[in-house]
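What follows is each chain in one-letter form.
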Amino acid sequence: MLILRIFNQLSLTMIYLRLFLLLLTALSGMNSIAQTKDENLFLRKIETGRYAEIAKEYKKFAPTDTVGKNMIYRAFWAKGKNRNREAIAFLKEGLLQHWTIYSGDFIYLSNHLLHLYIEEQLYEEAWQFYTLIKDSYYPLQAAHFRDSAYSAKIQTYCTEVEKFLHKQTKLPALKMEVKQKPRSLKLKKKDFIRTDILINQRKFEAIWDTGSPYPIAIPWEYAIKNGIACSKDTMIYMDSIQVGDILFRNVPTYFASLGNLEEMITSLKLSPRKAKKARKIYESMGPIIGLPLLKRMRYWEIDWGTRCISFDKKEKTIAAYEAPMFLSPERLCTTLILNDTSCLGMIDTGNNEFALIKSTFYENAGDRFLFRTESFKKSTYTFTFYGIKPRAKVYLENPRLVWGNREIPQHDRIQQTDIQKNILDWDLLLGYSFFKSLGKKVTFDFEEMKVRVLK
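Quick caveat, the model's predicted, so the values are computed rather than measured. (Residues numbered from 1 in each chain as written. Predicted model: local features only at pLDDT ≥ 70, side-chain atom pairs only at ≥ 80, totals over all residues. Heavy atoms only, no water.)

As a further point, take the overall build of the chain. If you tally the helices and strands in the chain, you get 15 helices and 25 strands. Contacts in the chain between residues at least 24 apart in sequence constitute 70% of all its contacts with a sequence separation of at least 6. A total of about 20,400 Å² of accessible surface is found on the chain, and carbon and sulfur atoms cover 51% of it. (Helix = DSSP H or I, 4+ residues; strand = E, 2+ residues; numbered from the N terminus. Contact = heavy atoms within 4.5 Å. Areas by Shrake-Rupley, 256 points an atom, 1.4 Å probe, with all protein chains shown as cover.)

This is the structure:
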């Protein structure tokens, strides 16, 4: 079987907020306020984006906590629950009132505050905070800490922030308009969540991919074939993307090449049957709607029976069971238990597998995880922007998966994977087939941050 896995591994050489944060985070880690082992683990959870787990770690030292760490906990918990304005308030209050406690961690926390200002399009507030760092924080910290090396870091930081804000605030702001009560959309095919969308008033078929960190991503070959003017490995702003009755304006849209399919087929010596399947998937790889747009829709419900997506939140709907959702910096996650081990699952509707367990997770869990390998003749071919790659099917033996306080039947369908091996904010990938197996209707509620399986 071929798996459609696109754009999550896309690497683009451009100035983008995510890269800006990674650059500036290198100036300072979260070390200054960690005094105990529990506090250090709490801060590591924040640094790795595992916001769903910080409440558990914070409770271990909460009775003896200072106000400073409490503000950090409240800010990142709010960020994980998609409540950015609350996170802004907590971070701002903490940084202004407790800057002497944070010392070297001030830069790291400021990065997140600036990220939130930009995401919420609070550009004036972002500039005000920059001015406060430059004109107030810099001289105050110099007198208080008397650390010339740290003062030099703050000067560098101010220079980079000013450059970044000048560029970021000149970019078109992403807007969403809902002109009427959104009507339902019809699902197109059964392999993924696919619907028609309009890109600059032209109709295309798109995949809904919660695993993609890009608002819209389009294979370069598909774009050229369909008359969308673009260059390879670039980003442009689309005037409009319309999903049913929901209209997005000024949408960052990313383009990357799929590579030469025929060369891949030849190098892998695929059989005629598998080559035909590869060509079919290659040709179907069109626009992808990613998490930045999907979460802005606030609520959507998939009815697998009628094959429709609706946006009308019904107050009296009763869920058979539900589970929490959390945002990490670039992913949508949920909590679950696998073989009596707590873990974080990445919600990835753009991957058609049931579930994939990351090797770096099970390797640290001892004999709770045993695997069996199928014949390599039955191998899976993973289709990415780096080409088609064969891998043997390695299944978890006798798995017990608990999600939403309910044991999920999975028929030995959890496979081993090495994708995103060094990314630490998820352990188990939950794909399209997982959510389709749960029940007739599944809702993704980004207001209450819950996935619900409806009766």
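Regions with low pLDDT should not have their predicted coordinates read in detail. Residues with a pLDDT of 70 or more make up 87% of the chain, whose mean pLDDT is 85. Ranking the elements of the chain by mean pLDDT puts strand S1 (residues 2–4) last, at 36, and helix H13 (residues 291–294) first, at 97. For the stretch residues 1–28, pLDDT sits under 50, and the model shows 100 contacts to residues farther than four places along the chain or on other chains. (pLDDT = per-residue confidence, 0-100.)

What follows deals with the packing of aromatic side chains. For the structure shown, the criterion picks out 29 aromatic pairs. Note on Tyr214 and Tyr254: the rings are 4.7 Å apart at their centroids and 50° apart in plane angle, and the pair reads as tilted. Here the residue Tyr214 occupies a position in the loop between strand S5 (202–208) and strand S6 (216–219), and Tyr254 occupies one in strand S8 (residues 246–256), the gap between them amounting to 40 residues. Residue class for Tyr214 comes out buried when judged on its relative accessible area of 4%. (Phe/Tyr/Trp six-rings, centres within 6.5 Å; stacked < 30°, edge-to-face > 60°. Buried < 20%, exposed > 50% of the residue type's maximum accessible area, 1.4 Å probe, protein only.)

Turning our eyes to something else, we now look at the layout of surface pockets. The calculated volume of the second largest pocket comes to roughly 720 Å³. Lining the second largest pocket are 31 residues, and of these Arg50, Glu53, Ser342, Cys343 and Leu344 sit closest to its centre. Contributing elements (two or more residues each) for the lining of the second largest pocket: helix H3 (54–59), strand S12 (319–327), strand S13 (332–338), strand S14 (341–348), helix H14 (359–362) and strand S20 (401–403). In terms of residue count, the dominant contributor to the lining of the second largest pocket is S14 (four residues). Counted by class, the lining of the second largest pocket contains 15 nonpolar, seven polar and nine charged residues. (1 Å grid on protein atoms, 1.4 Å probe; cavity = no way out; pocket = protein on both sides within 12 Å on 5 of 7 lines; lining within 4 Å. Points joined across faces, edges and corners; volume = space filled by probe spheres on them. Nonpolar A, V, L, I, M, F, W, Y, C, P; charged D, E, K, R; others polar.)

It is possible for side chains bearing opposite charge to pair when their charged atoms get close. Counted under the stated rule, the structure contains 30 salt bridges. With its nearest N and O atoms 2.7 Å apart, the salt bridge here joins Lys45 to Glu53. Neither residue differs from the other here; Lys45 and Glu53 are each classed as buried. A salt bridge links Arg452 to Glu448; the shortest N-O distance between them is 2.6 Å. Of the residues examined, Glu448 reaches a relative accessible area of 37% and is grouped as partly exposed. Via salt bridges that share partners, Lys313, Glu322, Asp445, Glu447, Glu448, Lys450 and Arg452 belong to a single interconnected network. (Salt bridge = Lys/Arg side-chain N within 4 Å of Asp/Glu carboxyl O.)

Its axis deflected by about 40° at Tyr137, helix H8 (residues 123–145) carries its strongest bend there, up to four residues before the proline Pro139. Residues of H8 that are buried: Ala126, Phe129, Tyr130, Ile133, Tyr137 and Gln141. Elements that come into contact with the buried residues of H8 comprise helix H5 (84–97), helix H6 (99–102), helix H7 (106–119) and helix H9 (148–168). (Bend = angle between axes of the 7 residues up to and from the residue.)

Right, let's get into the pairing of strand S7 (residues 234–243). Inspection of the sheet shows strand S4 (residues 194–199) paired to S7 by two bridges, in the antiparallel sense. Paired with Ile199 across the bridge in S7 is Ile241. Pairing of S7 with S8, which is carried by nine bridges, proceeds in the antiparallel orientation. Opposite Met235, over in S8, you have Tyr254 as the bridge partner. The turn linking S7 back onto S8 is made up of two residues, and Gly244 within it adopts a positive phi angle of 65°. (Pairing = 2+ DSSP bridges.)

This next bit is on the nonpolar core. Grouped together as the largest cluster of nonpolar side chains are 65 residues, with contacts concentrated most on Trp208, Trp300, Trp403 and Phe444. When near neighbours in sequence (up to four residues on either side) are disregarded, Trp403 contacts Tyr321, Ala323, Thr334, Thr335, Leu336, Ile408, Phe434, Phe435, Leu438, Val451 and Val453. (Core = buried A, V, L, I, M, F, W, Y, C linked by side-chain atoms within 4.5 Å.)

Structurally, Ser433 is set in helix H15 (residues 432–436). Once you skip the residues sitting within four places of it in the chain, Ser433 turns out to touch Asn352, Glu353, Phe354 and Arg413.

Before going further, it helps to spend a moment on the environment of Pro399. Topologically, Pro399 is positioned in the loop between strand S19 (394–396) and S20. Accessibility expressed as a relative area gives 8% for Pro399, which makes it buried. Linking Pro399 and Leu338, residues 61 residues apart in sequence, is a C-alpha distance of 7.0 Å.

On to the packing of helix H11 (residues 261–268) against helix H12 (residues 272–284), then. Describing two packed helices takes the angle between their axes plus the distance from one axis to the other. At a closest axis distance of 11 Å, the pairing of H11 and H12 adopts a crossing angle of 155°. The angle between H11 and H12 falls in the class roughly antiparallel. H11 and H12 meet at a crossing whose hand is right-handed. Each of Leu261, Glu262 and Ile265 in H11 lies in contact with H12, whose residues at this interface are Ala275, Ala278, Arg279 and Tyr282. Class assignment of the residues belonging to the contact of H11 with H12 gives a composition of five nonpolar, no polar and two charged. (Axes fitted to C-alpha atoms, helices over the stretch in contact; angles between N-to-C directions. Parallel < 35°, antiparallel > 145°, perpendicular 65-115°, else oblique. Left-handed = near helix turned anticlockwise from the far one by under 90°.)

Here we take up a positive patch on the surface. On the surface, a cluster of positive charge is contributed by Arg273, Lys276, Lys277 and Lys280. Relative to the elements of secondary structure, Arg273 occurs in helix H12. (Patch = residues over 30% accessible without salt bridge, like charges linked within 9 Å, V, L, I, M, F, W, Y side chains within 5 Å. Lys, Arg positive; Asp, Glu negative; His and termini not counted. Charge placed at Lys NZ, Arg CZ, Asp CG, Glu CD.)

The phi dihedral of Asn200 falls on the positive side, at around 50°, and the residue is not glycine. For Asn200, the position within the fold is in the loop between S4 and S5. By relative accessible area, which is 33% here, Asn200 ends up partly exposed. In this structure, Asn339 is a non-glycine residue whose phi angle is positive, near 50°. Along the polypeptide, Asn339 turns up in the loop between S13 and S14.

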